[in-house]
Amino acid sequence: MNLVTALLSSRRAVVVYLLLTGLFVVPGVTGCRSTENSETQSVDAVRQAYDRGEFAQAEEQATKIVETEPDNFDARKILALALAAQGKNDEAIEQYVYVVDRRPDEDATLYQVAMLERVVGKTEDAISHLEAAVQLKADSSYMDDLARTYMQVGRYQEAADLWGRVLEDDSLDEASRVELLKLQAKAYEDGRMYDEARAALDKALFLAPNDEDLKKRIEALK
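Just so you know, these numbers come straight off a predicted model, no measurement behind them. (Residues numbered from 1 in each chain as written. Predicted model: local features only at pLDDT ≥ 70, side-chain atom pairs only at ≥ 80, totals over all residues. Heavy atoms only, no water.)

1. Observations regarding the overall build of the chain
Now for step 1: Across its full length, the chain carries 12 helices and zero strands.
Now for step 2: Within the chain, the fraction of its 222 residues that count as buried is 45%.
Now for step 3: For the chain, the share of sequence-separated contacts (at least 6 apart) that also reach a separation of at least 24 residues comes to 54%.
Now for step 4: Carbon and sulfur atoms make up 50% of the accessible area of the chain, which amounts to about 11,500 Å² in all. (Helix = DSSP H or I, 4+ residues; strand = E, 2+ residues; numbered from the N terminus. Buried < 20%, exposed > 50% of the residue type's maximum accessible area, 1.4 Å probe, protein only. Contact = heavy atoms within 4.5 Å. Areas by Shrake-Rupley, 256 points an atom, 1.4 Å probe, with all protein chains shown as cover.)

Quick look at the structure:
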C-alpha cells in the first residue's frame, strides 16, 4: 500500500495516527489453550478500555498484565499507546523499546517508537529505529519520515537519496511526485548541491507547469 499520496503532509499525519493507535496483535504460541484464552481476554479488556478513551484505566490494566507477564508484547504495546495518549511519551518509549529489543523484526513497532522519540527530541534514537524499520520493509512512510529526520540533523544527501527511492514508486500520482521532488530539491539545496536541486525542481515543474513557487525557486538557483 502506497502511503505517500496526494496532499502528502496531511496524509502523513493520518499514517502516523494510524500507526500510533493501531494494534498489531500476535497470538501466543506457548502454554495451554485455556491460558491463552485467558490472556487474550485480559488483553482484549485493555484494548476495549483504550478504544473507549479510558486511557488511565487501560494503563492500569495493562501494567498489571506486564508485571506478571513481562513478555506479553501485545499488552506492552497497548500500554505504550495508553501512556502516549496521556502525554507520557518517555514511559511509552520504554515499553516500545522493551518490545523491539526482543522482537527486532517488528517494523511497525520500530516505526511507532521512532515517531515518539522524534517528538521528545531523541533524534538519533529515532533515526536508528527508522533505519531498522526501512531495512526490514521499504515502506514509503518509513522512508519519508527517515528522510525528514535526516534533514533535522543535516544529513541532506541521505535525505535526498531516500526521497529518490520513494520517487521510484510508479504508482505515485503527479501531485505526490511534485511534493516529493520539492522536498528532495530542498535537501539538495541545504547540502549545497545546486545542480541536483535544479534538476529536481525542473522535473517537478514539468509535472506542474503552473506552479509559481517552483518557477521562483528555479530562478533563484540560476
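And the narrative resumes.
2. A word on the packing of aromatic side chains
Now for step 1: Counted under the stated rule, the structure contains two aromatic pairs.
Now for step 2: Between Tyr 50 and Phe 55, the ring centres sit 5.3 Å apart and the planes meet at 55 degrees, which makes this aromatic pair tilted. (Phe/Tyr/Trp six-rings, centres within 6.5 Å; stacked < 30°, edge-to-face > 60°.)

3. What about the nonpolar core?
As a rule of thumb, soluble globular proteins bury nonpolar side chains together.
Now for step 1: Leu 146, Ala 159 and Trp 163 are the most contacted members of the largest nonpolar core, which totals 39 residues.
Now for step 2: Elements that contribute at least two residues to this core include exactly α6 (107–119), α7 (123–136), α8 (140–152), α9 (156–167), α10 (174–190), α11 (194–207) and α12 (212–220).
Now for step 3: Leu 146 has contacts with Ile 127, Leu 130, Glu 131, Val 134 and Leu 162, leaving out every residue within four places of it along the chain.
Now for step 4: Core analysis: the next-biggest nonpolar cluster, separate from the first, contains 20 residues, Ala 49, Val 66, Ala 92 and Leu 116 among them. (Core = buried A, V, L, I, M, F, W, Y, C linked by side-chain atoms within 4.5 Å.)

4. Observations concerning unusual backbone geometry
Now for step 1: A positive phi angle, close to 60 degrees, is found at Arg 192, a residue other than glycine.
Now for step 2: For Arg 192, a relative accessible area of 68% corresponds to the exposed category.

5. Looking at α10
Now for step 1: Between its terminal C-alpha atoms α10 stretches 24 Å, which fits the 24 Å expected from 17 residues at 1.5 Å a residue.
Now for step 2: Ser 176, Arg 177, Val 178, Leu 180, Leu 181, Lys 182, Gln 184, Ala 185, Ala 187 and Tyr 188 are the residues of α10 that are buried.
Now for step 3: Capping of α10 at its N-terminal end is provided by Asp 173; its side-chain oxygen lies 3.3 Å from the backbone amide nitrogen of Ala 175. (Expected span 1.5 Å × (residues − 1). Polar contact = N/O pair within 3.5 Å; in protein donor to acceptor, adjacent residues only side chain to side chain.)

6. Concerning the environment of Ile 93
Now for step 1: Tracing the backbone through its elements, the reader meets Ile 93 in helix α5 (residues 89–102).
Now for step 2: The sequence separation of Ile 93 and Leu 81 amounts to 12 residues, and the corresponding C-alpha distance is 9.6 Å.
Now for step 3: If sequence neighbours within four positions are ignored, Ile 93 has contacts with Val 113, Leu 116, Glu 117 and Val 120.

7. Examining the packing of helix α3 (residues 55–68) against helix α4 (residues 73–85)
Now for step 1: It is the contact of α3 with α4, at a shortest axis distance of 8 Å, that shows an interaxial angle of 150 degrees. Accordingly, the angle class assigned to the pair α3 and α4 is roughly antiparallel. Relative to α4, α3 is oriented so that their crossing is left-handed. Each of Phe 55, Ala 58, Glu 59, Ala 62, Thr 63, Ile 65 and Val 66 in α3 lies in contact with α4, whose residues at this interface are Ala 75, Arg 76, Leu 79, Ala 82, Leu 83 and Ala 85.
Now for step 2: Taken together, the residues of the contact of α3 with α4 break down into 10 nonpolar, one polar and two charged. (Axes fitted to C-alpha atoms, helices over the stretch in contact; angles between N-to-C directions. Parallel < 35°, antiparallel > 145°, perpendicular 65-115°, else oblique. Left-handed = near helix turned anticlockwise from the far one by under 90°. Nonpolar A, V, L, I, M, F, W, Y, C, P; charged D, E, K, R; others polar.)

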